[in-house]
Amino acid sequence: MSYLLKKLRSAFKDLKNGSLIQKLRFHYWKKVEKKRIATLLKNDFLTNEKRSKILLEISEFSHKPLISILMPVYNVDEKWLRLCIESAFNQIYQNWELCIADDCSPKPHIRKVLEEYLTKDSRVKVVFREENGHISVASNSALELATGEFSVLLDHDDELSEDALFYVAKELNDFPQTAMIYSDEDMIDQRGNRFDPKFKPDWSPDLFLSLNMITHLSAYRTSVLRKIGGFELGAEGSQDYDLALRVTEEISEHQIRHIPRILYHWRAIPGSIAFAASEKTYAHERAREAIRRHLTRKNVEAEVSIGVWNFHRVKYFFPKNATFDVVSVKKDLASKFNFAAAKSRADVLIFVDSSIAIESRESLIELASHALRSEIGAVGGRICNPDSTVRNNGILIGINGLIGFSNRGLPKEFGGKFARNQVIQNFSAVSGVLAVRRELFEELGGFDDINFENGLFDVDFCLRLREKKYRIVFTPYAEFLQTNNSATENVLPNSKEAKFFKTKWAKVIEYDPYFNQNLDRKRENYSVKI
């Protein structure tokens, strides 16, 4: 009975502060979203007309690169192995080779099936390893067979969409400097039903250090894979994450391309992380070890620990001699903030809207530690409502033709799509709370108090930073409470600030790289577009 009373008291408390209503709304949204996803995936198939258009486009390619599919194999069920190989044979783009390395599988059907396909098509290459070396060694054996310009990674129980290699080849034609490609993906169950699509942002380095946003489909310039020595022994379980981290150290960010299409179906079967994250718990710590090695190679002083659930948190050190000032004014005007900032000589300025309460010094240090990173322009934190729902977790450009607030209304403890409610990541802008190095603020001339006096000045400032190739960071580990509307929230769609913003930043409104074209631009919760 005491347990029941505790639950009733908890529910009454939630009802009193409004969070129960918000949670009920969220669960209703999840139910509706599930139907929207089912509709989207049901309509995500290639018609004969679409195939014909793709074939025509392939015929007009000026460059038709050979693409090597790297596929390590070990003891997989025959059904999944055949479906996986057939997904390569079903590719509309035909200039490929399938490089298979069997890691000394004891099950007899493995050799039988592989030898069958070996005689079926000259594009199939197979090496039968004489001893088991685990997935990194097997993957390197597959890489040794590759002669293609690009290499695509394929697990032995997953499937490629039939247009996957076409889009890889298209990307290489459109952007010849490309060295690394990743796409959106979904899950596929044992009955062939697709679910849980993951629509990713364009390259987001800080999100990548929070979770492996690359996963599938991933493709790399083969010469780069050989330059870094292929897959790392000892990184098994997160060998693909480790590989991607090391590749990024050898190339520039503009060589990393994201294809916003589902090109890979990740099989969810017992024993796979796709089935449950708890299936291979060691993989998560291997991932954190890979991140630590990556940061060490880049001479970055930071601590890598377990974040929310099994995701990762990178905590950057705040120098003892560094200083920061909180800049807050009674009336949230751009000119007032500029005037107050001019009086500070601190290393970092943290602008806080008057409607927002600072609840801990640790949150300010979290912001300042990111702001002191040389590649970072501005940093924002999690801003919550009194009922513990999200008010502002970063700015989405182009929502309803202007801006939106990431995951607004979502209970703060929920993960949200692609866990983006819980992890450090990049956005085009932050608002309400904004930390920036003082010298950088002065270099840009502060906030634009002529065109954005009453609001949107923080968003505009972030976009100007991005023009100068600085990244904008959001961290949920800096949390703030807001009770009234912020200056930017009060900007009306027809105000002079909004009109000028729409004209000045029309290209960003059209395409926010930290959103995804498959998502609904009328919603702030990353709902799919149908």
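By convention here, each chain's residues receive numbers from 1 onward along its written sequence. Local features are withheld for residues below a pLDDT of 70 in this predicted model, meaning they are given only at 70 or higher, and side-chain atom pairs are given and counted only at 80 or more; totals for whole chains, interfaces and linings count all residues. Note that the side-chain values use all heavy atoms of the structure and ignore hydrogens as well as water.

Draft legend 1. Region of interest: the overall build of the protein. When its secondary structure is counted, the protein shows 17 helices and 21 strands. Taking 2.2 N^0.38 as the reference for a compact globule, 530 residues should give roughly 24 Å; the C-alpha atoms of the protein span a radius of gyration of 25 Å, in line with that estimate. Seen along its three principal axes, the alpha-carbon backbone of the protein occupies a region of about 75 × 65 × 50 Å. The buried share of the protein, reckoned over its 530 residues, is 58%. By sequence separation, contacts in the protein at least 24 residues apart represent 76% of the contacts at least 6 residues apart. When the accessible surface of the protein is totalled, it reaches about 23,700 Å², and 52% of it is carbon and sulfur. Positive: Lys, Arg. Negative: Asp, Glu. His and the chain ends are not part of the count. Charge coordinates come from a single atom per side chain, which is NZ of Lys, CZ of Arg, CG of Asp or CD of Glu. The average position of the 77 basic charges and that of the 72 acidic charges among the side chains of the protein differ by 5 Å. Under the DSSP-based scheme used, a helix requires at least four consecutive residues in state H or I and a strand at least two consecutive residues in state E, with every element numbered from the N terminus. Within these notes, the globule rule equals 2.2 Å times the number of residues to the 0.38 power, and the radius of gyration is based on C-alpha atoms. When accessible area is computed with a 1.4 Å probe and restricted to protein chains, residues below 20% of their type maximum are described as buried, those above 50% as exposed, and intermediate ones as partly exposed. In what follows, a contact means two residues having at least one pair of non-hydrogen atoms within 4.5 Å. Residue exposure ignores everything except the shown protein chains as possible cover, and the areas themselves are Shrake-Rupley values with a 1.4 Å probe.

Draft legend 2. Focus on the pattern of salt bridges. Salt bridge, as applied in this entry: a Lys or Arg side-chain nitrogen positioned within 4 Å of an Asp or Glu carboxyl oxygen. Summed over all chains, the structure comprises 44 salt bridges. Across the pair Asp103 and Arg129 runs a salt bridge whose closest N-O atoms are separated by 3.0 Å. With Asp103 in the loop between strand E2 (96-102) and helix H5 (108-120) and Arg129 in the loop between strand E3 (124-128) and helix H6 (134-145), this pair connects stretches of sequence that are 26 residues apart. Considered together, Asp103 and Arg129 belong to a single accessibility category, that of buried residues. With its nearest N and O atoms 3.3 Å apart, the salt bridge here joins Arg111 to Glu115.

Draft legend 3. Inspection of the nonpolar core at higher detail. Throughout this description, the term nonpolar core refers to a set of buried Ala, Val, Leu, Ile, Met, Phe, Trp, Tyr and Cys residues connected via side-chain atoms within 4.5 Å. Among the nonpolar cores identified, the biggest contains 46 residues, and Met71, Leu81, Ile85, Leu98, Ile100 and Leu217 are the most heavily contacted of them. A per-element tally of this core places helix H7 (residues 164-174) first, with seven residues. When near neighbours in sequence (up to four residues on either side) are disregarded, Ile100 contacts Met71, Val73, Ile85, Leu114, Val124, Lys125, Val126, Val127 and Leu145. Leu211, Leu243, Leu245 and Val423 belong to the second-largest nonpolar core, a separate cluster that totals 39 residues.

Draft legend 4. Quick look at the environment of Ala38. Topologically, Ala38 is positioned in helix H2 (residues 19-42). Judged by its relative accessible area of 47%, Ala38 falls in the partly exposed class. When the C-alpha positions of Ala38 and Asp196 are compared, they lie 9.2 Å apart, and in sequence the two are 158 residues distant.

Draft legend 5. Fine view of the packing of helix H4 (residues 78-89) against H5. Between N-to-C directions, angles cover 0 to 180 degrees, with each direction set by a line fitted to C-alpha atoms, over the stretch in contact for helices. Two elements in contact, H4 and H5, have axes separated by 10 Å at closest approach and are oriented at 20°. If you check the angle between H4 and H5, you find them roughly parallel. At the point where H4 passes H5, the crossing takes the right-handed sense. Packed against H4, whose contacting residues are Glu78, Leu81, Arg82, Ile85, Glu86 and Phe89, the element H5 presents His109, Ile110, Val113, Leu114, Glu116, Tyr117 and Lys120 at the interface. Orientation categories follow fixed angle ranges, with anything under 35 degrees roughly parallel, anything over 145 roughly antiparallel, 65 to 115 roughly perpendicular, and all other angles oblique. Crossings are sorted by hand: turned counterclockwise from the far helix by less than a right angle, the near helix makes the crossing left-handed, and turned clockwise it makes it right-handed.

Draft legend 6. Expanded view of the environment of Leu245. Structurally, the position occupied by Leu245 is in helix H10 (residues 239-248). In this structure Leu245 comes out as buried when scored by relative accessible area, which is 0%. Sequence separation between Leu245 and Glu131 is 114 residues; the distance between their C-alpha atoms is 28 Å. Beyond its immediate sequence surroundings of up to four residues, Leu245 is in contact with Phe208, Leu209, Ala290, Ile291 and His294.

Draft legend 7. Region of the structure containing the pairing of strand E4 (residues 150-153). Taking every second residue as pointing to the same face, both faces of E4 are buried, with Phe150 and Val152 on one and Ser151 and Leu153 on the other. In terms of strand pairing, E4 meets strand E8 (residues 218-221) through three bridges, oriented antiparallel. Bridged to Phe150 within E8 is Arg221. Strand pairing is defined by DSSP finding a minimum of two bridges between the two strands.

Draft legend 8. Structural context of the side chain of Thr248. Positionally, Thr248 belongs in helix H10. Overall, the relative accessible area of 16% leaves Thr248 in the buried class. Here a polar contact is taken to be a pair of N or O atoms separated by no more than 3.5 Å, where protein atoms must pair a possible hydrogen donor with a possible acceptor and residues adjacent in sequence count only if both atoms sit in side chains. At a separation of 2.6 Å, a polar atom in the side chain of Thr248 contacts the main-chain carbonyl oxygen of Leu245. Apart from residues lying up to four places away in sequence, Thr248 is in contact with Met180, Trp203, Phe208, Ile256 and His294.

Draft legend 9. Main features of helix H12 (residues 334-341). When we look at burial in H12, the residues that qualify are Ala334, Phe337, Asn338 and Ala341. Buried residues of H12 fall within an arc of 100° about the axis and therefore sit on the same side. The secondary structure elements touched by the buried residues of H12 are strand E12 (324-327), strand E13 (348-352), helix H14 (438-443) and helix H15 (457-467). This arc corresponds to the set of directions leading from the helix axis out to the C-beta atoms.

Draft legend 10. Up close: the state of the cysteines. Cysteine sulfurs are considered disulfide-paired once they come within 2.5 Å of each other. In the structure shown here, the tally under the stated rule is zero disulfides. Cys384 supplies the cysteine sulfur nearest to Cys462, a cysteine that is in no disulfide, at a spacing of 19 Å.

Draft legend 11. Here's a closer look at the packing of H10 against helix H11 (residues 281-297). Two elements in contact, H10 and H11, have axes separated by 9 Å at closest approach and are oriented at 15°. One way to sum up the angle between H10 and H11 is to call them roughly parallel. Here the hand of the crossing between H10 and H11 comes out right-handed. Counted together, Tyr241, Asp242, Leu245, Arg246 and Thr248 of H10 and Ala287, Ala290, Ile291, Arg293, His294 and Arg297 of H11 form the full contact between these two elements.

Draft legend 12. Local environment of the packing of aromatic side chains. Pairing of aromatic rings covers Phe, Tyr and Trp, the last through its six-membered ring, and needs centres within 6.5 Å; plane angles under 30 degrees mean stacked, over 60 mean edge-to-face, and all others mean tilted. Within this structure, the stated rule accounts for 21 aromatic pairs. Between the aromatic rings of Trp203 and Phe208, the centroid separation amounts to 5.2 Å while the plane-to-plane angle is 55°, which identifies the pairing as tilted. Judged by relative accessible area, Phe208 falls into the buried class, the value being 2%. Each ring, one from Phe452 and one from Phe501, has its centre 6.2 Å from the other, and the planes form 80°; the classification is edge-to-face. In this pair, Phe452 sits in the loop between H14 and H15 while Phe501 sits in helix H16 (residues 496-504), placing the two residues 49 residues apart along the sequence. Accessibility expressed as a relative area gives 0% for Phe501, which makes it buried. Grouping aromatic residues by their ring pairs yields a cluster made of Phe337, Phe351, Phe441, Phe447, Phe457 and Phe461.

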